[in-house]
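Results of the structural survey
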Amino acid sequence: MTTTVEPGTEFGKSRTRKEDARLITGRTKWTDNISPTGTLHLAIVRSPFAHATITNVDTSGATELPNVVAAWSGADLDAELGAMPHAWPITEDEHNPRRPPMAIDTARFAGEAVAIVIARDAATAKDAAEAIVVDYDPLEPVLDMEAALADGATLVHPDIGTNRSALWVFDSGDAGSGESADANIAAAQADPDSIVVKRRFRQQRLIPSFMEPRSVVVDPTGEQFTIWSSTQVPHFVRVFVALNFGIPEQKLRVVAPDVGGGFGGKLQVTPEEYLTVLAAKKIGKPVKWTETRSESLLSGHHGRDQIQDITVAARKDGKVTAMKVELMADMGAYLSLLGGGTPILGAFMFNGPYKIPAYHFACTTVFTNKTVTDAYRGAGRPEATFGAERIMDEVAAELGMEPMEFRKKNWIQHEEFPFTTVAGLTYDSGNYEAATAKAEELFEYAALRREQQERRESGDPVQLGIGISTFTEMCGWAPSRLLGQLRYIAGGWEHSNIRMLPTGKVEVITGTTPHGQGHDTTWRQIAADALGVPFEDVEVLHGDTSIASRGLDTYGSRSATVGGIAVVNAAKKVIDKARPIAAHLMEASAEDIEFAAGKFSVRGTDKGMTIQEVAFATFAAHDYPEDLEASIDADATFDPVSLSFPHGTHLAAMEVDTETGLAKLRAYVCVDDVGTVINPLIVEGQVHGGLAQGISQALFEEATYDAEGTLISGTFADYTIPSAADLPSFTTDRTETAATTNSLGVKGVGEAGTIASTPAVVNGVVDAIRHLGVTDVEMPCTPQRVWNAIQQAQGRATHEAPDAHSPGGGLGSVDPNQPQAGAQ
């Protein structure tokens, strides 16, 4: 008999997050709150130079201080350090130079660890680090990707003879998923009824700005090591620590306690984790490291940092005939855990929701003397959506066509699903028309277009722009076979275990590792519905490899689409195991047993018993079939057959003061389709948070370096992020087309707002001033950059002062040097 799980009273209910009570009242333990008896503290000496030879490290000044236990340089520990892992070699000939957790003889980015000190308290460790003297011989840094690839460039790693790590290419003509992009572009250039548009877009460097700084505590007890870390990936940490240090995996326990945000910034196995493990291993006592905010901004991995050259061919009737993307991605000084692979995720999404017959994508990954880059909320998909949606606006403008109408001419229509794209992926479901119609209505699109025209005709100094982003994304990072084809080292499955306790309560153990997503609440709802038990009777356990021994953790909007289905499948197995026991107890055939709303019943009779009663009877084991085991607990591992493809339409109304360059976000409307919704309140929160991050990239954030490679946006006084006062209220809504590739019909939502909002806002800024000759404003769209773009388009002198990345300048500011602020 096949067991099916139907949505019950919990599915679709807007429950507040159960975990929030302990988080917001301080009744929890972050990693830095954990201090085993005798804990020592580790501090790190970091290179102030982006590129330098280390000629000497003198640790004597540190070791002479009271309460200092040890101090080591990279050279002291070279034989024991091992190397940081790189889990995604994108080509066979990719250059992946060794990255030791601490520099040995050369510092290759400002902030790289060069020495560590261990002391009995954190303050002493910090003082002792300042007493270590390091002699450097500065070398010329290479900071620009194009300069790094030029002949005669300074080499970040001289031993590999180049600053190019890899070249990854996809061509629809070669892959058999479409026509040749080069051929179609050449044909368009020769066709008077076609146009070819080429643009360069820049994805600036960003820094994940999670609330809780990174922290790690390592407690060596006999042969056992317990590692607490503020990480998104405790299962990854366990595997790679075991491999690097030769510690038997079964002797390693990794715990991610409550984690205060990640956004991809904690999707990493870090040098600091390795250094803390090594220090604890050598000394034999617990060791803790917790970063300062400045360390986080300086040395934690960064995100984005790409140059996109995009060429599109289109007929004058509005049909796109080819797209060619040539990408350069800055890896920083080394390849981090997923750094090489992150930009190629976009290869499958530049075509977005559009029917493009020919497509070519080439990505060159480049070493520079900057902090490493890796996944940041959206990971490759925001970059692709930005490039796709910006170029769609540019082609529409060249054709003299309204940008939304141009998009509609090129969409995959709802009746065409499932649809195999030019990039080779099969989108299972969607309805772009319905999402857009609802968004246009909520936005009052036609009325805003009329207002825009009136402002242009009147010469109003504050012009109105309408930004559009109609996007789709791939998420639910799986299936494992696909990841293997992409040379990714791990799989994409997820695991769950359900324990039925004697008193009728339920423990759900999940391999996902939440850090703000609300799994404690959502997984309870899934299990409560599947098993027919009260929500309050379910407990969710996660983030501890001694409890959740199998799992692949949380990133890439994979939790509900992969981890949630594992919970459902485990619940089905619990029911299947309980059915014959219930049949035995009710003296019936198992084929006559029905299950609904938590109760087993004998078909055609009034006999019945709850699954909780079966759980107690199984525990007592006084009367159960001899051929069965006395347990109805169950495990399930789920590996999807495909990715999931949420989509949506995002619209931004931007007001741009043409005299000052100040751009304000007046209104924002988005309608997303994330499949079947488990908890609407949590979905709404995910969308709102994503919007804030995506809008922030468009208007506020940028990691900047000076000519020597020093990070000059190394504090929140210089790295500008918005407050609630800088953003308007968002109007959000949903349409719903269920995913066909999983039993719940769910699609991912954690990154949708971030992916879609950045191009919507920038398109709105450019749309407001396009009639002045502006075709692009590089992000972030600060007043200075907007003002300069207008001056350049009008043939006037620009403001040459350094771009603004310092605080100041509120909503009423008219100084183009001040940072962007949004509307209230």
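Now for a quick tour of the structure. Bear in mind the structure is a predicted one, so any value in this text is a computation, not a measurement.

1. A look at the overall build of the chain
Secondary structure assignment for the chain yields 21 helices and 28 strands. The C-alpha radius of gyration of the chain comes to 28 Å, within 12% of the 28 Å expected for a compact globule of 824 residues. Across its three principal directions, the C-alpha atoms of the chain cover 90 × 75 × 50 Å. In the chain, which comprises 824 residues, the share counted as buried stands at 62%.

2. Some thoughts on the packing of aromatic side chains
Counted according to the given criterion, the structure contains 18 aromatic pairs. Residues F245 and Y274 carry aromatic rings whose centres are separated by 5.3 Å and whose planes lie at 70° to one another, so their mutual orientation is edge-to-face. Taken together, the residues F245 in helix α8 (residues 234-245) and Y274 in helix α9 (residues 271-283) connect sequence positions 29 residues apart. For the pair F245 and Y274, one class covers both residues: buried.

3. Details of the pairing of strand β2 (residues 52-58)
Across two bridges, β2 lies against strand β4 (residues 106-107) in antiparallel orientation. Following the sheet pairing, A52 is matched in β4 by A107. One ladder, built from six bridges, connects β2 with strand β6 (residues 133-138); its direction is antiparallel. Residue D58 lies in a different strand from β6, and its bridge partner there is V133.

4. Quick notes on the environment of V259
The topology assignment puts V259 in the loop between β11 (252-255) and α9. Given the relative accessible area of 7%, V259 is considered buried. Residue contacts for V259: discarding those within four places in its chain leaves W30, E212, S230, T231, K266, P514, H515 and G516.

5. What about the pattern of salt bridges?
In total, this model carries 53 salt bridges according to the counting rule given. Across the pair E295 and R46 runs a salt bridge whose closest N-O atoms are separated by 3.0 Å. One end of the pair, E295, is in helix α10 (residues 293-299); the other, R46, is in strand β1 (residues 40-46), with 249 residues separating them in the sequence. Like E295, the residue R46 is buried in the burial classification. For the salt bridge of R199 with E394, the shortest nitrogen-to-oxygen distance reads 3.0 Å. Of this pair, R199 sits in strand β8 (residues 194-206) while E394 sits in helix α11 (residues 381-399); the two residues are 195 residues apart in sequence, bridging distant segments of the chain. Residue classification places R199 among the buried residues on the basis of a relative accessible area of 17%. Put simply, R199, R390, E394, E398, R770 and D776 are held in one network by salt bridges that share partners.

6. Regarding α9
With 13 residues, α9 extends 18 Å between its outermost C-alpha atoms, agreeing within 8% with the 18 Å of an ideal straight helix rising 1.5 Å per residue. Buried residues of α9: P271, E272, E273, Y274, L275, T276, V277, L278, A279 and A280, and no others. G284 sits one or two positions beyond α9 and adopts a positive phi of about 80°.

7. Re the sheet that holds strand β15 (residues 359-367)
With respect to topology, five strands assemble into an open sheet ordered β7-β15-β14-β13-β8, the strand pairing being mixed. Where the open sheet ends on each side, the last strands, each with one partner, are β7 (164-171) and β8. Across the sheet, the mean angle separating the axes of adjacent strands is 10° when strand polarity is ignored. In this structure, β7 lies alongside β15, joined through seven bridges in antiparallel fashion. The residue of β15 that forms the bridge with R164 is V366.

8. Remarks on the nonpolar core
Among the nonpolar cores identified, the biggest contains 144 residues, and F236, F361 and Y668 are the most heavily contacted of them. Every residue in contact with F236, bar those within four places of it in the chain, is listed here: L267, V269, L337, Y488, L552, D553 and Y555. Ranked by size, the runner-up nonpolar core spans 43 residues in total, among them V538, V568, A582 and V614.

9. As for the pairing of strand β5 (residues 113-119)
Burial of β5 is extensive: seven of the seven residues sit out of reach of the surface. Here β1 pairs with β5 via six bridges, running antiparallel. Looking across to β5, one finds that V45 is bridged to A115. Relative to β5, strand β3 (residues 68-73) runs antiparallel, the two being bridged by five bridges. Note that in β5 the partner of V68 across the bridge is A119.

10. A short note on unusual backbone geometry
Of the consecutive residues F417 and P418, the connecting peptide bond is found in the cis state with omega at -5°. One can find P418 in the loop between α12 (403-410) and β16 (419-420). Omega for the peptide link from A478 to P479 comes to 0°, which places this bond in the cis form. Take P479: it is sitting in the loop between β18 (462-472) and α15 (480-485). In this structure, S557 takes a positive phi of about 50° despite not being glycine. Mapped onto the fold, S557 is located in the loop between β21 (538-541) and α17 (559-585). Owing to a relative accessible area of 13%, S557 belongs among the buried residues under this scheme.

Criteria and thresholds
- Residues numbered from 1 in each chain as written.
- Predicted model: local features only at pLDDT ≥ 70, side-chain atom pairs only at ≥ 80, totals over all residues.
- Heavy atoms only, no water.
- Helix = DSSP H or I, 4+ residues; strand = E, 2+ residues; numbered from the N terminus.
- Rg over C-alpha atoms; globule rule 2.2 N^0.38 Å.
- Buried < 20%, exposed > 50% of the residue type's maximum accessible area, 1.4 Å probe, protein only.
- Phe/Tyr/Trp six-rings, centres within 6.5 Å; stacked < 30°, edge-to-face > 60°.
- Pairing = 2+ DSSP bridges.
- Contact = heavy atoms within 4.5 Å.
- Salt bridge = Lys/Arg side-chain N within 4 Å of Asp/Glu carboxyl O.
- Expected span 1.5 Å × (residues − 1).
- Axes fitted to C-alpha atoms, helices over the stretch in contact; angles between N-to-C directions.
- Core = buried A, V, L, I, M, F, W, Y, C linked by side-chain atoms within 4.5 Å.

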